[in-house]
Amino acid sequence: MTFGAALGELRSAQKTARGVSLYSRHINRPAGRILAAAACRAGLTPNQVTLVSAAFSFSAVAAVAAFPPSWPLAVAVWAGLVVGFAFDSADGQLARLRRVSSPAGEWLDHVVDCAKITALHAAVLVSFYRFFDLPGPGWLLLPLGFQLAAVLIFCGGLLTDKLKPKPAAGAPAPPAAAPSPLRAVALLPVDYGVFCLVFLTLGSERAFLGAYTALAVVHGLFLAAFMAKWFRELSAIRPA
């Protein structure tokens, strides 16, 4: 399959945009589509693309913990995280293009995602301890709280989707609701791509600490809202 043919087929085989933020819909998914078409042309498998995503992401994570804050580091970390995120979108798109989606591939994708989220906040904690002139030692708890909120949002959303009943085999799927532009904007603060942008401020300790703290507070608020919503939705499901 040529690059153009793969790209054309991918454009018509996108997942629903419902519940997806503007960044993922208009930046990350299109970037992932291009990478998936290139990976198809190169003969890569979806699992190999997942590992490429992990290589970019964890290189950036290691750099956060290993080097003192600077503007070159900020750009390098942001670029590594963003490219890794785009490849994270590409693996699933490539699997759909080649019609080789599998439970093992989905498992690998989610394990890498969870490890990436956990490791990135751990790297920030290491950077705070090694390089930052923090107002007090209590600030070292900030990455731990942010990490907890981010992991719970990721795992809670994943479990909610898996636990909701699916249409019976052969039954027509209910019509998908139109994506809400307001929801797409509201979800931006908890989009991983927006979180990556925070690392562009890593050249200034004060700017990074302020941006990271603000996003941590927002994640805490979203966590409370999401948990109440998901529990309410799952509680409404009656056992068969």
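What this report covers is the structure whose coordinates are included nearby. (Residues numbered from 1 in each chain as written. Predicted model: local features only at pLDDT ≥ 70, side-chain atom pairs only at ≥ 80, totals over all residues. Heavy atoms only, no water.)

A word on the environment of Val-112
To keep it simple, the criterion reads: Numbering of helices and strands runs from the N terminus, with a helix taken as a DSSP run of H or I at least four residues long and a strand as a DSSP run of E at least two residues long. Residue contacts are defined here by distance: any two heavy atoms, one from each residue, within 4.5 Å place the two residues in contact.
Examined against the element boundaries, Val-112 turns out to sit in helix 5 (residues 103-131). Taking the C-alpha atoms as reference, Val-112 lies 9.1 Å from Asp-88; in sequence the two are 24 residues apart. With sequence-adjacent residues up to four places away left out, Val-112 is seen in contact with Thr-50, Ala-54 and Phe-58.

Quick look at the packing of aromatic side chains
Each aromatic ring pair is described using two quantities: the centre-to-centre distance and the angle formed by the ring planes. Inclusion rule: Pairs were defined over the aromatic rings of Phe, Tyr and Trp, the Trp ring being its six-membered one, requiring ring centres within 6.5 Å. Orientation was assigned from the angle between planes: stacked under 30 degrees, edge-to-face over 60, tilted for the rest. For the exposure calls, accessible area comes from a 1.4 Å probe over protein chains only, and a residue counts as buried if that area is under 20% of its type's maximum, exposed if over 50%, partly exposed in between. Put simply, a charge is over a ring when the Lys NZ or the Arg CZ is close to the ring centre, within 6 Å, and near the line of the ring normal, within 35 degrees.
For the structure on display, the rule yields 16 aromatic pairs. Relative to Tyr-212, the ring of Phe-128 has its centre 5.9 Å away and its plane inclined at 80 degrees; by these criteria the two rings are edge-to-face. One end of the pair, Phe-128, is in helix 5; the other, Tyr-212, is in helix 9 (residues 205-235), and 84 residues separate them in sequence. Note on accessibility: Phe-128 and Tyr-212 belong to one class, buried. Plain terms: the ring middles of Phe-195 and Tyr-212 are 6.4 Å apart, the flat faces sit at 45 degrees to each other, and that makes the pair tilted. With Phe-195 in helix 8 (residues 192-198) and Tyr-212 in helix 9, the pair connects residues that are 17 residues apart, well separated along the chain. There is no split in this pair, since Phe-195 and Tyr-212 are both buried. For the cation-ring pair, Lys-116 lies above Tyr-192, with the distance from its terminal atom to the ring centre recorded as 4.4 Å.

Comments concerning helix 3 (residues 46-66)
Note the following rule: In this scheme, a helix's expected span is set at 1.5 Å multiplied by one less than its residue total.
Under the 1.5 Å per step criterion, the end-to-end length of helix 3 is 30 Å for 21 residues, consistent within 8% with the ideal 30 Å. For helix 3, the set of buried residues is Pro-46, Val-49, Thr-50, Ser-53, Ala-54, Ser-57, Ala-60, Val-61, Ala-63, Val-64 and Ala-65. Along its buried surface, helix 3 packs onto helix 2 (22-42), helix 4 (71-98) and helix 5.

Considering the pattern of salt bridges
Threshold: Put simply, a salt bridge is a Lys or Arg side-chain nitrogen that is within 4 Å of an Asp or Glu carboxyl oxygen.
If you walk through the whole model with that rule in mind, you get six salt bridges. Taking the shortest distance from any N to any O, the salt bridge between Lys-116 and Asp-88 comes out at 3.8 Å. Taken together, the positions of Lys-116 in helix 5 and Asp-88 in helix 4 put the pair 28 residues apart, joining distant regions of the chain. Note on Lys-116: relative accessible area 3%, which makes it buried. By relative accessible area, Asp-88 is classed as buried at 12%. Salt-bridge contacts for Lys-162 lead to Glu-106; the nearest nitrogen and oxygen are separated by 2.6 Å. Remark: Glu-106 occurs in helix 5 and Lys-162 occurs in helix 6 (residues 141-163); sequence separation between them is 56 residues. The class of Glu-106 is partly exposed, set by a relative accessible area of 35%. The network of salt bridges with shared partners includes Asp-88, Asp-113 and Lys-116.

Quick word on helix 6
Over its 23 residues, helix 6 runs 32 Å from end to end, which matches the ideal 33 Å to within 8%, given 1.5 Å per residue. Among all positions in helix 6, only Leu-142, Pro-143, Phe-146, Gln-147, Ala-149, Ala-150, Val-151, Ile-153, Gly-156 and Thr-160 are buried. Buried residues along helix 6 sit against helix 5, helix 8 and helix 9.

What about unusual backbone geometry?
Backbone geometry at Arg-99 places phi at a positive 55 degrees, although glycine is not the residue there. Residue placement: Arg-99 occurs in the loop between helix 4 and helix 5. Looking at Arg-99, the relative accessible area reads 65%, which means it is exposed.

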